[in-house]
Every structure is written in structure tokens, then in C-alpha cells.
Amino acid sequence: MTGLPEVHPNKAFGWAAIDTSGVLSPFKFSTRGTGEKDVAFKVLYCGICHSDLHMIKNDWGTSIYPLVPGHEVVGEVTEVGSKVQKFKVGDRVGVGCMVGSCHSCDNCTNNLENYCPKMIFTYGAKYYDGTVTYGGCSNTMVVDEHFVVGIPENLPLDAAAPLLCAGITVYSPLRFYGLDKPGLHVGVVGLGGLGHLAVKFAKAMGTKVTVISTSPSKQKEALENLGADSFLVSRVQDQLRAAIGTFDGIVTVSAQHPLLPLLGLLKSHGKLVVLGVPEKPLELPAFPLIQGRKLVGGSMIGGMKETQEMIDFAAEHGIKADTEVIAMDYVNAAMDRLLKGDVKYRFVIDTH
């Protein structure tokens with residue numbers, strides 16, 4: 001077991017990657033004492049996001065080792081600071097992708113902390129005190145209450161965990177780009193961790209949802225289990241031609257899908273929202289944009305106010321992530337399976 005010299009007063013335990021092999025192993029560290037605006041909580045479940053896979057291997061060149069991943073974290077409050085107003089001991093809480101921001105820029109003052117230039121990620125980032133943040137693959141966390149959300153009682157904690165990254169990542173663009181109105185036709189490209197939640201949220205908002213996939217084998221799952229209205233195989237030219245100009249908006253969470261055929265599916269003034277992060281830049285031809293005044297946009301998670309809204313909306317509409325709950329010591333096998341796309345649709349670690 002590896003560990004670090006204790007720079008904080010409270011002992012903690014988790015699983016960390018110590019180099020670019022990405023192999024996670026038991027790791028001892030410490031967390032700060034509970035400050036006046038802090039919430040300390042026992043971690044009960046932590047979802048595994050595809051970005052965790054990139055971070056443990058330093059695919060994006062920003063990882064700081066040892067690295068304790070996990071930014072879909074839920075648990076139970078064990079202690080609150082003297083100035084904490086929203087939470088009390090015993091509350092069910094969650095923490096997503098960020099634990100800090102500047103609180104003074106335009107984005108922060110407009111509840112868009114996720115776009116703050118000084119936003120602090122939940123793990124693998126430098127905190128205000130100069131220490132490195134550690135994520136939810138651990139037994140305990142201490143987080144500023146501003147970056148903590150409440151989890152309603154009727155939302156199971158294990159199924160709520162993935163909402164804190166995957167859920168808000170699809171909910172926010174549906175709202176921002178106006179793809180949340182009953183009767184609109186919304187396409188979802190890629191039926192994985194994000195895609196399956198995009199279908200559920202878009203349906204709950206009253207839209208007609210078509211899953212667009214390269215895999216015909218996913219049709220039954222999309223229509224029967226996830227409640228999509230229709231299914232389009234993007235490799236079948238006849239299906240593509242029949243759907244040209246019929247979508248108000250398309251959310252693509254598939255990193256590799258070319259944009260040109262998707263632009264053709266949009267109505268005039270339609271919106272294509274890119275959420276997946278491809279390894280190579282996507283080609284964006286100009287003519288299909290000009291001919292129809294179409295828009296290509298992006299989105300990244302959501303602010304804290306909207307994240308709480310999303311959780312409350314999910315609780316109200318019974319939206320839960322489809323998960324495979326695993327033990328902590330299965331995490332390396334889970335990472336290997338995630339790399340192959342072998343999960344429906346989110347691994348969630350039971351950390352207690």
C-alpha cells in the first residue's frame with residue numbers, strides 16, 4: 001500500500017493510480033479538517049466516468065500522481081462547519097466534477113462555476129491551500145458546501161451517483177439549447193453512460209427521441225428498456241436519407257461520429273451539440289451550416305444551481321442511471337471493461 005506524508009489532520013483511505021499504467025491500488029492519504037463552510041461526508045458510492053480512464057493514464061497530459069479518481073460521488077454527511085446552512089449530519093449528499101471556483105467572475109456570478117477559469121476539479125487538481133484534490137474512490141471527502149448537492153430521499157444513492165457527471169452533462173445542453181420543449185424531435189448519438197441518460201432526460205422533458213447508432217444490436221435496448229421513440233442506424237444510407245431534415249436538435253456523445261451526416265438530419269435552424277471528446281479534431285464543413293442556418297455547439301457539465309435542479313428533476317421523474325454496482329477491489333477489471341465498452345451503462349463502486 002502506498003501513502004503520502006500527512007499534510008492534513010484526518011486519515012483517509014482510497015485507491016490511487018501511481019503512474020501512467022493507470023493501475024489502481026490501495027492508498028492512504030489525509031483530508032483537511034472540516035472548515036466553517038465545509039461538509040464532511042462518508043463516501044457510499046462512486047460512479048466511474050470515461051474521463052477517469054483518461055486521467056489515470058494521463059491521456060490528456062494533466063494528471064498529477066498519485067491520483068485518486070472519482071467525480072460521481074454520493075454519501076452521508078458526518079460533520080458540517082459552523083457556517084454551513086444547507087446540510088446537517090445524516091443528510092444524503094453528492095459531489096460532481098468540481099470542488100472550487102473563484103466566486104467572482106462573470107461565470108460564477110451567473111451560476112456557471114463550471115466555466116470559471118479558476119474552477120477546481122474534484123480530483124487531480126491543486127486546491128486553494130496548494131494540496132492536490134482526491135476524488136471519490138475513497139472512504140471520506142471534505143468539500144465546500146457550495147459544491148455539494150442534496151440527494152432526495154426517493155432517489156437511490158447508487159443510481160444517483162452517475163447523474164453528478166453524466167446526468168448534468170446531458171441535462172444542461174438540453175435546457176440551454178432549448179431542446180427541452182414537448183413535441184421537439186431530439187436525436188441522441190451514442191448509447192453509453194451519457195447517451196442512455198440523454199434519452200431518459202429528453203423523454204421526461206416531453207420530446208420525441210430517436211437514438212442514432214452505428215450498432216443495430218442496440219435497437220431493442222433503446223426502444224424497449226430506455227423508452228426511445230425510434231432508432232436510426234447511421235450506417236444504413238436508406239435510413240439516413242429518410243430522416244434528412246427531421247430533427248430539431250441532436251446531442252452527440254459519441255466521440256468518433258462524423259458531423260456531416262448529422263448536420264444533414266437537422267431541420268433549418270437545427271442544433272448539433274457536441275459532448276464527446278474525440279482524440280482527433282472533427283471535420284466541420286461550412287456549406288451544411290450555411291444552408292439552413294444550423295448551429296454546432298458544445299457544453300461541459302453544469303453549474304451548481306443547475307446540478308441541484310437536475311437532481312430534483314430526476315427524483316421527480318424517476319430518472320435513474322442504469323448501473324452495475326461493483327466492489328472497490330474490482331475497479332481495475334471495471335476499467336478494462338469500460339475501455340471495451342462492456343458495461344450497461346455505468347459502473348458504480350460500492351465504497352462502504
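Residues numbered from 1 in each chain as written. Predicted model: local features only at pLDDT ≥ 70, side-chain atom pairs only at ≥ 80, totals over all residues. Heavy atoms only, no water.

## A short note on the overall build of the protein
No. 1: A tally of helices and strands in the protein yields eleven helices and 18 strands.
No. 2: Against the 2.2 N^0.38 benchmark of 20 Å for 352 residues, the protein shows a C-alpha radius of gyration of 20 Å, consistent with a compact globule.
No. 3: Viewed in the frame of its principal axes, the protein has a C-alpha envelope of about 65 × 40 × 35 Å.
No. 4: Within the protein, contacts between residues at least 6 apart in sequence are counted, and of these 65% link residues at least 24 apart.
No. 5: Per element, the accessible surface of the protein, about 15,400 Å² overall, is 53% carbon and sulfur.
No. 6: Here the protein carries 32 positive and 35 negative side-chain charges, and the mean point of each set is 5 Å from the other. (Helix = DSSP H or I, 4+ residues; strand = E, 2+ residues; numbered from the N terminus. Rg over C-alpha atoms; globule rule 2.2 N^0.38 Å. Contact = heavy atoms within 4.5 Å. Areas by Shrake-Rupley, 256 points an atom, 1.4 Å probe, with all protein chains shown as cover. Lys, Arg positive; Asp, Glu negative; His and termini not counted. Charge placed at Lys NZ, Arg CZ, Asp CG, Glu CD.)

## Thoughts on unusual backbone geometry
No. 1: Following Y65, the chain continues to P66 via a peptide bond in cis, the omega torsion being -5°.
No. 2: The omega torsion of the bond from K344 to Y345 falls at -15°, within 30 degrees of zero and hence cis.
No. 3: For Y345, the location among the structural elements is in the loop between α11 (331-339) and β18 (346-350).
No. 4: Positive phi outside glycine occurs at I301, with the angle close to 40°.

## What about the pairing of strand β4 (residues 38-47)?
No. 1: By the criterion of burial, β4 is predominantly enclosed, with nine of the ten residues buried.
No. 2: Across five bridges, the pairing between β4 and strand β9 (residues 140-144) is antiparallel. Along β9, the bridge assignment pairs F41 with M141.
No. 3: Pairing geometry for β4 and strand β5 (residues 73-80), over seven bridges, is antiparallel. Bridging across to β5, A40 finds its partner in E79.
No. 4: Relative to β18, β4 is paired through three bridges, and the arrangement is antiparallel. (Buried < 20%, exposed > 50% of the residue type's maximum accessible area, 1.4 Å probe, protein only. Pairing = 2+ DSSP bridges.)

## Some thoughts on the environment of T122
No. 1: With respect to the helices and strands, the residue T122 is situated in the loop between β8 (120-121) and β9.
No. 2: Each C-alpha atom of the pair T122 and L174 lies 24 Å from the other, and the pair is 52 residues apart in sequence.
No. 3: Sequence-distant contacts of T122, that is, excluding residues within four places in its chain, are made with G70, H71, V95, G96, C97, M98, V99, T133, Y134, G135 and M141.
No. 4: A polar side-chain atom of T122 sits 3.0 Å from the main-chain amide nitrogen of M98. (Polar contact = N/O pair within 3.5 Å; in protein donor to acceptor, adjacent residues only side chain to side chain.)

## Section: the pattern of salt bridges
No. 1: Applying the stated criterion across every chain, the model contains 16 salt bridges.
No. 2: Measuring nitrogen to oxygen at the nearest pair gives 3.8 Å for the salt bridge that ties K305 to E309. Residue K305 and its partner E309 are both found in helix α10 (residues 304-317); the two are separated by four residues, about one turn of the helix.
No. 3: Taking the relative accessible area as the measure of exposure, E309 reaches 37% and is therefore partly exposed.
No. 4: Between R337 and E324 there is a salt bridge, with its nearest N and O atoms 2.9 Å apart. Linking R337 in helix α11 with E324 in strand β17 (residues 323-327), this pair joins segments that are 13 residues apart in sequence.
No. 5: Judged by relative accessible area, which is 17%, R337 ranks as buried. (Salt bridge = Lys/Arg side-chain N within 4 Å of Asp/Glu carboxyl O.)

## Looking at the UniProt feature "domain: Enoyl reductase (ER)" (unreviewed entry) in the protein
No. 1: Taking the UniProt record as the reference, the feature "domain: Enoyl reductase (ER)" (unreviewed entry) is found at residues 22-349.
No. 2: Note that residues 22-349 is 26% helix and 26% strand, and that its end C-alpha atoms are spaced 17 Å apart. (UniProt positions renumbered as here; feature names shortened; annotations may be inferred.)

## So, α10
No. 1: With 14 residues, α10 should reach 20 Å at 1.5 Å per residue; the first-to-last C-alpha distance of 20 Å fits that figure.
No. 2: Among all positions in α10, only M304, E306, T307, M310, I311, F313, A314 and A315 are buried.
No. 3: Along its buried surface, α10 packs onto β7 (98-100), β10 (149-150), α4 (166-176) and α5 (193-204).
No. 4: Just beyond α10, the residue with positive phi is G318, at close to 70°. (Expected span 1.5 Å × (residues − 1).)

## Digging into the packing of aromatic side chains
For any pair of aromatic rings, the description rests on two quantities: the centre-to-centre distance and the angle between the ring planes.
No. 1: In total, this model carries eight aromatic pairs according to the counting rule given.
No. 2: Aromatic pair F27 and F29: ring centres 5.6 Å apart, planes at 15°, arrangement stacked. Neither residue differs from the other here; F27 and F29 are each classed as buried.
No. 3: An angle of 65° between the planes, with centres 5.7 Å apart, marks the rings of F27 and Y134 as edge-to-face. Residue F27 is located in strand β3 (residues 24-31), and its partner Y134 is located in the loop between β8 and β9; the two are separated by 107 residues in the primary sequence.
No. 4: Here the aromatic residues F27, F29 and Y134 are joined through ring pairs into a cluster of three or more.
No. 5: Its guanidinium or amino end placed over the ring of F313, R175 lies 5.2 Å from that ring's centre, counting from NZ or CZ. (Phe/Tyr/Trp six-rings, centres within 6.5 Å; stacked < 30°, edge-to-face > 60°. Lys NZ or Arg CZ within 6 Å of the ring centre and 35° of its normal.)

## What to know about empty space enclosed by the protein
No. 1: Evaluation of the coordinates by the stated rule reveals two cavities of 30 Å³ or more.
No. 2: Roughly 70 Å³ of volume is contained in the largest cavity.
No. 3: What lines the largest cavity is simply G96, C97, M98, V149, L164, I168, I301, G302, M304 and T307.
No. 4: In terms of residue class, the lining of the largest cavity is built from seven nonpolar, three polar and no charged.
No. 5: Taken as a whole, the second largest cavity spans an internal volume of roughly 30 Å³. (1 Å grid on protein atoms, 1.4 Å probe; cavity = no way out; pocket = protein on both sides within 12 Å on 5 of 7 lines; lining within 4 Å. Points joined across faces, edges and corners; volume = space filled by probe spheres on them. Nonpolar A, V, L, I, M, F, W, Y, C, P; charged D, E, K, R; others polar.)

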